[in-house]
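Breakdown of the fold
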Amino acid sequence: MSNLYERLGGENAVNAAVELFYRKVLADGRIAQFFDGVDIDQQIAKQKSFLTMAFGGPNNYTGADMRNAHKRLVAKGLNDSHVDAVIENLNYTLRDLGVPEKEVKEVAAIAHSVRDDVLNR
Amino acid sequence: MLKFEDRLVELRPGETVLEALERAGIDAPSSCRSGNCQTCLHRAVEGVPPPESQVGLTQGQKALGFFLPCVCLPTSPLTITRPDNVGARRDAVIRAIEPLAPNVIRLRVDADDFAYRPGQFLELVVDGDLRRHYSLASHPEEDPFLEMHIRLHENGRMSRRLGEFKPGDRLHVAGPSGTCFYEGVHADQRLLLIGAGTGLAPLYGVLRDALKRGHLGPIRLYHGARSRDGLYLDEELKALSRTLAHVDYRPCLLDPDAPAGGDVAATALHAEQDVKDCAIFLCGGENLVRRLKRDFFMRGVSMKNIRSDAFTPSG
Ligand SMILES: Cc1cc2nc3c(=O)[nH]c(=O)nc-3n(C[C@H](O)[C@H](O)[C@H](O)COP(=O)(O)OP(=O)(O)OC[C@H]3O[C@@H](n4cnc5c(N)ncnc54)[C@H](O)[C@@H]3O)c2cc1C
Ligand code: HEM
Ligand code: FES
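Criteria and thresholds
Residues numbered from 1 in each chain as written. Chains lettered and ligands numbered in written order. Predicted model: local features only at pLDDT ≥ 70, side-chain atom pairs only at ≥ 80, totals over all residues. Heavy atoms only, no water. Contact = heavy atoms within 4.5 Å. Buried area = accessible area lost by both parts, 1.4 Å probe. Salt bridge = Lys/Arg side-chain N within 4 Å of Asp/Glu carboxyl O. Polar contact = N/O pair within 3.5 Å; in protein donor to acceptor, adjacent residues only side chain to side chain. Nonpolar A, V, L, I, M, F, W, Y, C, P; charged D, E, K, R; others polar. Helix = DSSP H or I, 4+ residues; strand = E, 2+ residues; numbered from the N terminus. Buried < 20%, exposed > 50% of the residue type's maximum accessible area, 1.4 Å probe, protein only. Near = heavy atom within 4 Å. Areas by Shrake-Rupley, 256 points an atom, 1.4 Å probe, with all protein chains shown as cover.

With that settled, the discussion passes to the interface of chain B and chain A. How big an interface is tends to be reported as the loss of accessible area on association of its parts. On the side of chain A, 19 residues touch chain B, which itself brings 19 residues to the contact. Between chain B and chain A lies a buried interface of about 1600 Å² when both sides are counted; carbon and sulfur atoms form 53% of it. Between chain B and chain A we count 2 salt bridges in total. For the pair chain B and chain A, the number of links is 11 residue pairs in polar contact (both at pLDDT 80 or more). Split into classes, the residues belonging to the side of chain B that touches chain A amount to 7 nonpolar, 8 polar and 4 charged.

Quick look at unusual backbone geometry now. In the segment running from glycine 175 of chain B into proline 176 of chain B, the intervening peptide bond is cis, with an omega of 5°. Note on placement: proline 176 of chain B falls in strand β11 (residues 170-177). Backbone geometry places asparagine 120 of chain A, a non-glycine residue, at a positive phi of 55°. Residue position: asparagine 120 of chain A is located in the segment after α7 (115-118). A positive phi angle, close to 70°, is found at glutamine 38 of chain B, a residue other than glycine. You can see glutamine 38 of chain B is positioned in the loop between α1 (17-23) and β3 (42-46). You can call glutamine 38 of chain B partly exposed: its relative accessible area is 24%.

Let us look at the site of ligand 2. Neighbouring ligand 2 are 22 residues; Lys46, Phe50, Tyr61 and His70 of chain A together with Ser31 of chain B lie closest to it. At the site occupied by ligand 2, the surrounding residues belong to chains A and B. Between ligand 2 and the protein, one listed contact pairs an oxygen atom with a side-chain N or O atom of tyrosine 61 of chain A at 2.4 Å. The side chain of serine 31 of chain B places a nitrogen or oxygen atom 2.6 Å from an oxygen atom of ligand 2.

All names here are of chain B. Surrounding ligand 1, one finds 20 residues, the nearest of these being His133, Tyr134, Arg151, Met158 and Ser159. One nitrogen or oxygen atom from the main chain of histidine 149 is found 2.8 Å from a nitrogen atom belonging to ligand 1. In this structure, an oxygen atom belonging to ligand 1 sits 2.8 Å away from a main-chain N or O atom of arginine 157. When ligand 1 is considered free in solution it has 940 Å² of accessible area, and contact with the protein chains removes 75% of it. Elements represented by at least two residues in the shell around ligand 1 include exactly β9 (130-135), β10 (146-151) and α3 (157-162). The biggest single contributor to the shell around ligand 1 is β9, with 4 residues. Taken together, the residues that form the shell around ligand 1 break down as 7 nonpolar, 10 polar and 3 charged.

Set out below in structure tokens:
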């Protein structure tokens, strides 16, 4: 049985999802402000890291890395509702791409699992 | 063999370039360490990085030797440098300096062995430490000089200094840098070039390079200016679009009474609804570039089809 990342299609799945996902995030008034002023080109690369991680793909992030990456955002008010919104957009993206519901749930579970680190608590 | 600038770096079998740099005590940023976030970006100035270390980079970056050290297991000798290292300063001599419009000059300098792609920018250095970026409007295969279009800001340090220069005077150049050039574009793709003020300089370079390389698809160039004088290549570009059926020049004079803002960004966004498959080049002030980049991306243009340079003021 192959792992989640392989079932989703690996790197190609990340590439197919990243721009779709980022458009949804920028269009979502609940969270768009956290991405203000950051260059889109650079953000796309960071979002690839995010998706690779959420898809269960190879990554070397530690909990401390996640704390550091989001510290600045937590200072600006990042909370549970924003994490929920990101996961919601992730779900919509995967459904748009025709990913089966079972895998959508597995991805959401991985994203949920780093919530405490992302929120620095 | 691995070299970081002038320094030999030991590379152990199975070790990535990032690990080797870190072991050698060289300050190398990283984050994901798996080839996604691009935090570790470096550039090879000699040798060819393996293709798997360039996954996700733009065609322009690949052409310039950029790569990701965290996923780079070199198979041949490499000499690398930080991505923003512009290299050694070179001597340059002013060949011509003349007005294009009331506040815009055309500066042509001679510099030996300065390889570049039209649309890239260089660092102009005067008086030892006054440095500013300027984009290249010239074409290396057609012009024996480097050409820049420079807006003179009233209190600008470089602007004021340039006002005192004359042909024969010496200065320095370094670079080039930037990936806003004609690379990774299909010959029959629609090209959309949008800029304001001296943002025309790199677009003019890109336009000439596209034509030189036999671009066949329709090319549309929007140039925005606050006054008629500011459309400083108006005659030449009008003549060009009369001669070449696939070139369409759209001068945009700022119209403060227009409902949507009346600037070149508003005009282009209104006229260009179907942009999904265009190759887009955006140059000029930060706000203009940021707005167009975002709006075109949201309309469905992939970021790999959007190239841009924002003329961010220095310091
Ligand atoms: C990648 C890149 C490419 C560039 N290419 C070009 C080019 O091709 N042609 C060109 O003319 N410039 C270009 N620039 C801008 C250029 O590098 C300088 O920033 C500009 O010429 C001002 O330098 P200065 O020393 O005259 O002014 P400074 O002494 O640096 O600034 C003095 C004051 O001038 C005003 N000012 C400076 N820049 C601007 C601006 N853009 N808009 C409004 N007010 C401003 C500000 O009030 C500032 O405080 C480019 C910048 C970048 C980053
Ligand atoms: C749901 C769990 C989340 C995961 C797994 C996650 C993962 C990541 C990863 C891997 C990075 C790249 C870090 C780097 O290499 O620099 C990152 C960066 C970022 N994340 Fe998240 N993230 C999550 C939630 C959020 C939320 C809720 C927001 C805001 C609404 C957010 C906004 C950002 C921003 C703006 C960056 C870029 C930071 C920078 O460039 O400085 N993230 N995230
Ligand atoms: S550290 Fe993220 S791409 Fe190299």
